[in-house]
Amino acid sequence: MTRLSAAFSKDHPALVTFITAGDGDTAANLDALVAGGADVIELGMPFTDPMADGPAIQEANIRSLGAGTTTADIFAIAAAFRARHPDTPLVLMGYANPMTIRGGEWFASECNKAGVDGVICVDIPPEEDAELGPLLRSAGIDLIRLATPTTDKARLPAVLDGASGFLYYVSVAGITGLQQAAQTSIDEAVARLKAYTDLPVAVGFGVRTPEQATNIARVADGVVVGSALVELVAQHGSNAAGTLQDYVASLKHAIVAARKA
Amino acid sequence: MTIADPTPNSFRNQPDENGHFGQFGGRYVAETLMPLVLDLERHYRLAKTDPAFQAQFDDLLEHYVGRPSPLYYAERLTEEVRKTAPEGKGAQIWFKRDELNHTGAHKINNCIGQILLAMRMGKTRIIAETGAGQHGVATATVCARFGLPCFIYMGAKDVERQQPNVFRMKLLGAEVIPVTSGANTLKDAMNEALRDWVANVHDTFYIIGTAAGPHPYPELVRDFQSVIGKEARAQMLSRTGRLPDMLVAAIGGGSNAIGLFHPFLDDKDVAMLGIEAAGHGLEKEHAASLAGGRPGILHGNKTYLLQDEDGQIAEAHSISAGLDYPGIGPEHSWLKEIGRVRYDSVTDVEALNAFQLLCRTEGIIPALEPAHAIAAVEREAKKMDRDQIILANLCGRGDKDIFTVAEALGTAI
């Protein structure tokens, strides 16, 4: 069983938390996410042109790059995380260019060496899978695909082909951290996706509060929270760990309670 | 992935069915956009073979845009260049006059095609990005003509330095949205337009201004702009009985260049030269993606990009806002790699000199974009024989640039 599949086999839905690498004290913040109860960590790779992200994560990318974060730094953060937390799955999330600029093979090998479990690449759809997919799969790294409100039944098999780890349902047609989806549309979408795949389905985009997390946790296998955490890092700078841990703990409590209620 | 080799005797059948020009192009977009991009391709395939669509496009180009644009022999410029050329050298210089189009540049050709496509797809809201404002003005123009709401994303820095075009767009009924993310220029405007599109896929059509972006944009923009090369080829044959020896065009994203070049790609005796903006010089700040960049993925396609070793995108610089972009259309990357087109660059200073030369010798105030091509024409014509023909695309007029030029020349107006 991989770290990711173990995280989705617990007696409660998984809490998936995102922060941007190199924004604030990343090592301390990652430890805080784990201490707060995060089941899966998504570590954002900063990019100059984050086309799918809203203001919160755009600004985190700018702060991180402004502080001089390199790809080598990100892998060092990941490797150190793996040494401190042998069991918590770590997923890199970002854009195609930084992931492929030295070749997909190089990227897959670095992920492997750093103990990264999975990769989410926003702008490589299944049609361009050759860029990264086969190289990640042969290095034993899960390629996590995104399904969206525009992914219809006819297209879903293409999205699922080559997907592993979990399926990330982007609950709104839009960018990160802004609108939130109506709960009924999430319920319907998750039911539809689960009819097509045995992969765990995690729901993200616009999920900010424990109340939302509770509602999503009633139907989905995972709840992804990103922009709300990134905003805490923005507010508290290099002293964000305590606040992050408390907020993550409140989300976790909401998720665990959802299935007991 | 299917690798479709071009048949050995044609350079004109790209891209392949997945939108690749060799290793370049493709569809690197978020999943939310993917179904829409596939739908656009389906609609474009149908439109391309529909005589009614073509007839409407042709009719608007003739009666609204003012096509065909003239093909003009620049006699005084030719004489001027010959004065400093070696004995027997100094090719005849000709211009394709796309600066005479409605709205003053080649951009309108593409906007007409895309808005017809948008209406065919039932889209009711138009968005676009713009740098200097020329594509924004052309988009606002066709939206006014067809009564569709229009939202133009423009870097806050460009809004400041291109006030006349901002006002034009507003007069035409468009809403201009200043973009304050990133470096506040064209690439950030494109990011913001993509963010709008992803949030409004159900009713919105994105009119991309250059032959770049996810497939099928590079192909359809090229096809709409190919009217330039088709006309030029026929006009040159009818005027001189022969084809030109060399074509020259300026390149930012590369839509005017691919529009001129594409119909000639299989004429093996016609040489082609694409001119990138060398800004302050290739060793300093510039916008020459082919000369100073390497292949990468941005804004939906794989192509040459200005970037650092980690793949972070660099800021471009050119005195010409229309060339100030860190990427280039993927077909140009492919044409460079297979060697069919030669690419070179021209600095801000060289372009300014050529700008003034054309004003004085021909009574034509060119835009700063084609001024780059004119500087290269001067350079190349001197190496060519007097009976040879060099043809450049005069893709825009310079009214929009007089403030920039005045400032560069130290004149207050």
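Because the structure is predicted, anything quoted here is derived from the model rather than measured.

What counts and what doesn't
- Residues numbered from 1 in each chain as written.
- Chains lettered and ligands numbered in written order.
- Predicted model: local features only at pLDDT ≥ 70, side-chain atom pairs only at ≥ 80, totals over all residues.
- Heavy atoms only, no water.
- Helix = DSSP H or I, 4+ residues; strand = E, 2+ residues; numbered from the N terminus.
- Rg over C-alpha atoms; globule rule 2.2 N^0.38 Å.
- Buried < 20%, exposed > 50% of the residue type's maximum accessible area, 1.4 Å probe, protein only.
- Contact = heavy atoms within 4.5 Å.
- Areas by Shrake-Rupley, 256 points an atom, 1.4 Å probe, with all protein chains shown as cover.
- Lys, Arg positive; Asp, Glu negative; His and termini not counted.
- Charge placed at Lys NZ, Arg CZ, Asp CG, Glu CD.
- Salt bridge = Lys/Arg side-chain N within 4 Å of Asp/Glu carboxyl O.
- Pairing = 2+ DSSP bridges.
- Patch = residues over 30% accessible without salt bridge, like charges linked within 9 Å, V, L, I, M, F, W, Y side chains within 5 Å.
- Buried area = accessible area lost by both parts, 1.4 Å probe.
- Axes fitted to C-alpha atoms, helices over the stretch in contact; angles between N-to-C directions.

1. What about the overall build of chain B?
- When you go through chain B residue by residue, the secondary structure sums to 16 helices and 14 strands.
- For 413 residues, the compact-globule estimate of 2.2 N^0.38 gives 22 Å, and chain B sits close to it at 20 Å.
- Overall, chain B is about 65 × 55 × 50 Å in size when its C-alpha atoms are taken along their principal axes.
- A burial count over chain B gives 65% of its 413 residues as buried.
- Of the contacts formed within chain B by residues at least 6 apart in sequence, a portion of 74% connects residues at least 24 apart.
- Total accessible area on chain B stands at roughly 14,400 Å², and carbon and sulfur atoms take up 52% of it.
- Positive and negative side-chain charges in chain B, numbering 42 and 53 respectively, have mean positions lying 3 Å apart.

2. Quick look at the pattern of salt bridges
Residue and element names in this part refer to chain B.
- Using the criterion set out here, one finds 45 salt bridges over all chains in the structure.
- The shortest N-O distance in the salt bridge between Arg120 and Asp50 comes to 3.0 Å. Here Arg120 is found in helix 4 (residues 107-120), whereas its partner Asp50 is found in the loop between helix 1 (34-48) and helix 2 (51-65), with 70 residues between them in sequence.
- On the basis of relative accessible area, Arg120 is assigned to the partly exposed category, the value being 34%.
- Put simply, Asp188 and Lys187 hold a salt bridge, and the shortest N to O gap is 3.8 Å.

3. Structural notes on the sheet that holds strand 12 (residues 300-305) of chain B
Residues and elements named next belong to chain B.
- Pairing in this open sheet of four strands is antiparallel, and the strands run 1-2-12-11 from one edge to the other. The open sheet has two edge strands with one neighbour each: strand 1 (20-21) and strand 11 (294-298).
- Here five bridges tie strand 11 to strand 12, and the two strands are oriented antiparallel to one another. For Ile297, the partnering residue across the bridge sits in strand 12 and is Lys302.

4. Comments concerning a nonpolar patch on the surface
Residues and elements named next belong to chain B.
- Nonpolar side chains collect at one region of the surface, where Ile365, Ile402, Phe403 and Ile413 lie side by side and expose about 400 Å² of accessible area between them.
- Relative to the helices and strands, Ile365 resides in the loop between helix 14 (348-362) and helix 15 (368-381).
- Judged by its relative accessible area of 43%, Ile365 is partly exposed.

5. Focus on the interface of chain B and chain A
- Taken residue by residue, the interface counts 38 residues in chain B and 38 residues in chain A.
- Both sides of the chain B and chain A interface together cover about 2,900 Å² of buried area, and 51% of this is carbon and sulfur.
- When the area that chain B buries against chain A is broken down by residue, the three leading residues are Glu31, Arg195 and Asp310 of chain B, summing to 25%.
- A salt bridge links Arg155 of chain A to Glu31 of chain B, with the nearest nitrogen and oxygen atoms 2.7 Å apart.

6. Thoughts on the environment of Leu229 of chain A
Residues and elements named next belong to chain A.
- Looking at the secondary structure, you find Leu229 in helix 11 (residues 227-236).
- Residues Leu229 and Ile19 lie 210 residues apart in sequence; the distance between their C-alpha atoms is 6.7 Å.
- Excluding residues that lie within four positions of it along the chain, Leu229 makes contacts with Thr17, Phe18, Ile19, Leu33, Leu244, Tyr247 and Val248.

7. Topic: the sheet that holds strand 9 (residues 246-250) of chain B
Residue and element names in this part refer to chain B.
- If you trace the six strands from one edge of the open sheet to the other, you get 3-4-14-9-10-13, paired in mixed fashion. In this open sheet, the two strands that pair with only one neighbour each are strand 3 (71-73) and strand 13 (342-347). Averaged over all neighbouring strand pairs, the angle between strand axes comes to 25°, with direction disregarded.
- Of the strand pairs in this sheet, strand 9 and strand 14 (residues 389-393) are connected by three bridges, and their pairing is parallel. Opposite Met246, over in strand 14, you have Ile390 as the bridge partner.
- Contacts from helix 15 reach strand 4 (92-96), strand 9, strand 10 (271-279), strand 13 and strand 14, with the element oriented near 145° to strand 9.

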